[in-house]
Amino acid sequence: MDEINRWADINEDLFKEISKRFHAYDDYIRLRLVCKEWSLKHPKIPNGNKIPWLLLPDETVKNYSYEDEEIHHLMQLGAADDETLDTCALEEKDIYHIMLSEMQSYNKFIRGSGHGWLIVQSISDGTIQMLNPFTNRSLDLPPVSTLPTIIDFQPDNHGDEYTMWDFRDIRITLDRDRTHRFQVEKVIINSSPEHDIENFMAVVIFGPNQRLAFYKPGNMRWVEFPTRDKGFNDVIFFQGKIYAINNYGQLYEFDTNTRTGLKGGIHETRPPSEIPVGPLRLKYLIGCTNGSLLMLTRYVNLPLGMELGTSKFNIYELKRNGKEWSTLDNLGDYILVIGYNSSVQISVPFLSKGNQIWFTNNQMELQSSFYDPVAQDIGIFDLDHGNFQRVLLEVKFFCPPVWLLS
């Protein structure tokens with residue numbers, strides 16, 4: 001008994017340092033099970049564990065009913081070996097299975113992830129919900145019908161349920177499913193609402209013109225940013241501010257700590273002169289531990305008769321207090337993780353290799369079908385050798401996979 005008490009009374013800071021060295025989730029679970037006190041005192045998701053999980057919906061639909069629970073697979077690529085990375089199908093090794101009753105085939109899609117949470121949107125009713133797959137806790141965000149582009153929603157007016165502004169700012173009517181499917185592009189959050197609900201905030205890229213809106217607890221609707229600029233590809237929370245990037249590579253900065261709401265707009269830094277532009281030249285923003293901002297340009301090709309695929313990445317760096325973007329060729333002991341997740345930089349000294357970009361699909365119009373599963377653009381780009389390692393090439397999904405970050 002004395003030996004058990006000694007473990008139960010271990011210094012909390014020492015326990016946190018130990019837990020940071022358990023990079024696989026199943027190892028961390030075993031650590032919590034050493035004694036009852038450890039299980040009660042420490043979170044189900046380790047705060048220091050930053051290895052991304054790849055959340056994979058079941059690639060085959062055995063039942064088409066909305067009432068059936070959806071099987072999801074969790075693959076931790078950072079803890080897997082080369083054999084797992086080369087796999088073309090979902091196998092048992094290094095893959096864990098979870099049942100998410102809130103995620104049914106066809107009906108729901110993931111539109112964001114961060115801080116251990118998924119942002120899930122319903123196609124049938126337009127609700128937007130945050131879901132923690134490890135704790136099964138949830139939080140409702142305002143539905144699609146409250147986005148600034150929506151003029152009116154009449155659920156009984158079948159086929160023309162929505163009146164809204166289109167990409168030309170012309171008033172149109174549109175059916176429910178198409179509106180729900182394509183209005184929300186990406187949602188990010190600044191923190192876990194379990195830790196600080198008072199300062200919690202969510203941001204959405206929405207509408208045909210890819211504009212920005214935010215939510216704070218107490219709001220009944222999504223509130224548009226103090227700019228009506230459009231064409232935003234990515235948005236992040238970084239050092240107490242919100243940064244966004246549009247398809248032209250123009251940076252935006254917004255201050256969240258003001259009494260009157262968000263303030264800000266176009267950043268003084270101009271886009272790089274050689275920046276590529278177009279719907280298949282996607283931009284991502286990443287905040288770095290050294291205070292720099294990275295802009296990642298992703299080249300997506302759609303060859304005739306072939307699947308959508310990433311072919312190239314360019315990286316630009318804006319140093320802290322800098323005024324100009326510069327090209328960056330090496331990430332050192334870091335990886336960049338992009339997709340529907342909040343775009344992040346992760347230190348990986350415990351992995352065999354840094355200097356990589358881990359990516360999943362987040363092009364709504366090209367990645368999915370109403371009725372058929374499709375192949376997804378998932379992989380790892382190695383900057384040292386300039387080559388791609390594709391993951392799950394032969395697997396097709398109804399809902400695009402997403403990185404789940406703690």
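Below you will find a few notes about this structure. From a predicted model like this one, the values you see are computed outputs, not experimental measurements. (Residues numbered from 1 in each chain as written. Predicted model: local features only at pLDDT ≥ 70, side-chain atom pairs only at ≥ 80, totals over all residues. Heavy atoms only, no water.)

**Quick look at the sheet that holds strand 5 (residues 117-122)**
- The strand order 4-5-6-7 describes an open sheet built from 4 strands, whose pairing is antiparallel. Sheet topology places strand 4 (108-114) and strand 7 (138-141) at the edges, where each strand pairs with a single neighbour. Put simply, the sheet's adjacent strands are angled 25° from each other on average, direction ignored. (Pairing = 2+ DSSP bridges. Helix = DSSP H or I, 4+ residues; strand = E, 2+ residues; numbered from the N terminus. Axes fitted to C-alpha atoms, helices over the stretch in contact; angles between N-to-C directions.)

**Concerning the sheet that holds strand 8 (residues 150-153)**
- Read from one edge of the open sheet, 3 strands run 8-9-10, paired in antiparallel fashion. On the outer flanks of this sheet lie strand 8 and strand 10 (171-174), each paired with one strand and no other. Strand after strand, the sheet turns through a mean of 20° between neighbouring axes, direction not considered.
- Looking at chain direction, strand 8 and strand 9 (residues 162-165) are connected through 3 bridges and run antiparallel.

**Overview of the side chain of Asn314**
- The topology assignment puts Asn314 in strand 21 (residues 309-318).
- In terms of polar contacts, Asn314 uses its side chain to reach the side chain of Tyr299, at 2.8 Å.
- Contact partners of Asn314, with chain neighbours within four places excluded, come to Met295, Leu296, Thr297 and Tyr299. (Polar contact = N/O pair within 3.5 Å; in protein donor to acceptor, adjacent residues only side chain to side chain. Contact = heavy atoms within 4.5 Å.)

**Regarding the side chain of Arg211**
- With respect to the secondary-structure elements, Arg211 resides in strand 13 (residues 211-215).
- Within polar-contact distance, the side chain of Arg211 engages the side chain of Glu224 at 2.7 Å.
- Setting aside its immediate chain neighbours within four residues, Arg211 contacts Thr149, Asp169, Val204, Ile205, Phe206, Glu224, Arg228, Asp229, Lys230 and Phe232.

**A word on the environment of Trp222**
- Within the secondary structure, Trp222 is located in the loop between strand 13 and strand 14 (223-224).
- Residue classification places Trp222 among the buried residues on the basis of a relative accessible area of 3%.
- For Trp222 and Ala202, which are 20 residues apart along the polypeptide, the C-alpha to C-alpha distance reads 9.3 Å.
- A distance of 2.9 Å separates a polar side-chain atom of Trp222 from the backbone oxygen of Pro142. (Buried < 20%, exposed > 50% of the residue type's maximum accessible area, 1.4 Å probe, protein only.)

**Considerations on the nonpolar core**
- Leu141, Leu147, Val187, Ala202, Val204 and Trp222 are the most contacted members of the largest nonpolar core, which has 20 residues in total.
- Of all the secondary structure elements, the ones that give two or more residues to this core are strand 5, strand 6 (128-131), strand 9, strand 11 (184-189), strand 12 (202-206) and strand 13.
- Apart from residues no more than four positions distant in its own chain, Leu141 is found in contact with Ile119, Ile128, Gln129, Met130, Val187, Phe200, Ala202, Tyr215 and Trp222.
- Grouped together as the second largest cluster of nonpolar side chains are 17 residues, Tyr284, Phe313, Leu328 and Leu331 included. (Core = buried A, V, L, I, M, F, W, Y, C linked by side-chain atoms within 4.5 Å.)

**Focus on the pairing of strand 19 (residues 281-287)**
- Summarising burial for strand 19: 5 of the 7 residues are buried, a large majority.
- Note: strand 19 against strand 20 (residues 293-301), 7 bridges, orientation antiparallel. Bridge pairing in strand 20 places Tyr284 opposite Leu296.
- Connecting the antiparallel pair strand 19 and strand 20 is a turn made up of 5 residues, with Gly291 showing a positive phi of about 95°.

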